[in-house]
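# Commentary on secondary and tertiary structure
Chain by chain, the residues run as shown.
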Amino acid sequence: SNIKPTTSFSPGKSPSLLNRPCVIFQGDAFETDTKMARIKSLFLDMFSHGSPGKINLAGIEHAIVLTAQGEKVSFKHYRIDLKKSGGRTPRVEVEELGPSFEFEVRRERTPSVDLEKQACRKPKQVTKQAKMKKNTERNAMGETMGRVHMQKQTF
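Criteria and cut-off values
- Residues numbered from 1 in each chain as written.
- Predicted model: local features only at pLDDT ≥ 70, side-chain atom pairs only at ≥ 80, totals over all residues.
- Heavy atoms only, no water.
- Phe/Tyr/Trp six-rings, centres within 6.5 Å; stacked < 30°, edge-to-face > 60°.
- Buried < 20%, exposed > 50% of the residue type's maximum accessible area, 1.4 Å probe, protein only.
- Lys NZ or Arg CZ within 6 Å of the ring centre and 35° of its normal.
- Helix = DSSP H or I, 4+ residues; strand = E, 2+ residues; numbered from the N terminus.
- Patch = residues over 30% accessible without salt bridge, like charges linked within 9 Å, V, L, I, M, F, W, Y side chains within 5 Å.
- Areas by Shrake-Rupley, 256 points an atom, 1.4 Å probe, with all protein chains shown as cover.
- Salt bridge = Lys/Arg side-chain N within 4 Å of Asp/Glu carboxyl O.

Looking now at the packing of aromatic side chains. What the rule picks out here adds up to seven aromatic pairs. For the ring pair Phe25 and Phe30, a centre distance of 5.1 Å and an interplane angle of 65° mean the geometry is edge-to-face. Residue Phe30 is classed as buried on the basis of its relative accessible area, which comes to 3%. Ring geometry for Phe101 against Phe103: centres 6.0 Å apart, planes inclined by 40°, an arrangement best described as tilted. Residue Phe103 is classed as partly exposed on the basis of its relative accessible area, which comes to 23%. Through successive ring pairs, a cluster of aromatic residues spans Phe43, Phe47, Phe75, Phe101 and Phe103. Directly above the aromatic system of Phe25 lies the positively charged group of Lys40, at a separation of 5.5 Å from the ring centroid.

In this structure, Asp114 sits in helix α3 (residues 113–120). For the pair Asp114 and Ile55, spaced 59 residues apart in sequence, the C-alpha separation works out to 37 Å.

Taken together, the side chains of Leu57, Leu82, Val92 and Val94 make up a nonpolar region of the molecular surface, amounting to roughly 340 Å² of accessible area. Looking at the element boundaries, Leu82 is found in strand β3 (residues 72–83).

And the structure:
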């Protein structure tokens, strides 16, 4: 309900395509209610592709704000402009981009515990790649260099 498409907002500078949005969840319900926690997980899977190690303040161009108001959730999309100020931190200006809408979860069908566990399982190939190989490194040319440890030899 209360849907405003992107065309109803003033055309302005849109954020770059490869830039990830800052996803903000307002409201206690996202932490306490299991139904809202599922919605939070769904939106995090859609919009944020993993958590970045470092954040560049100038790289934050847009934010998606989800606000829990009882049983309803409000979705709003904002553009963030960083303007110069007198101090070190920039002045932040926020403009609504759209789309904007409100929704409520009326029907919910949760999977069985076994099915949910199977769906959240990571494949072995992914876990094998995540393990770091010991005593190997890459040089400036991209070649893999290895270190071999041996006992002292007497010639």
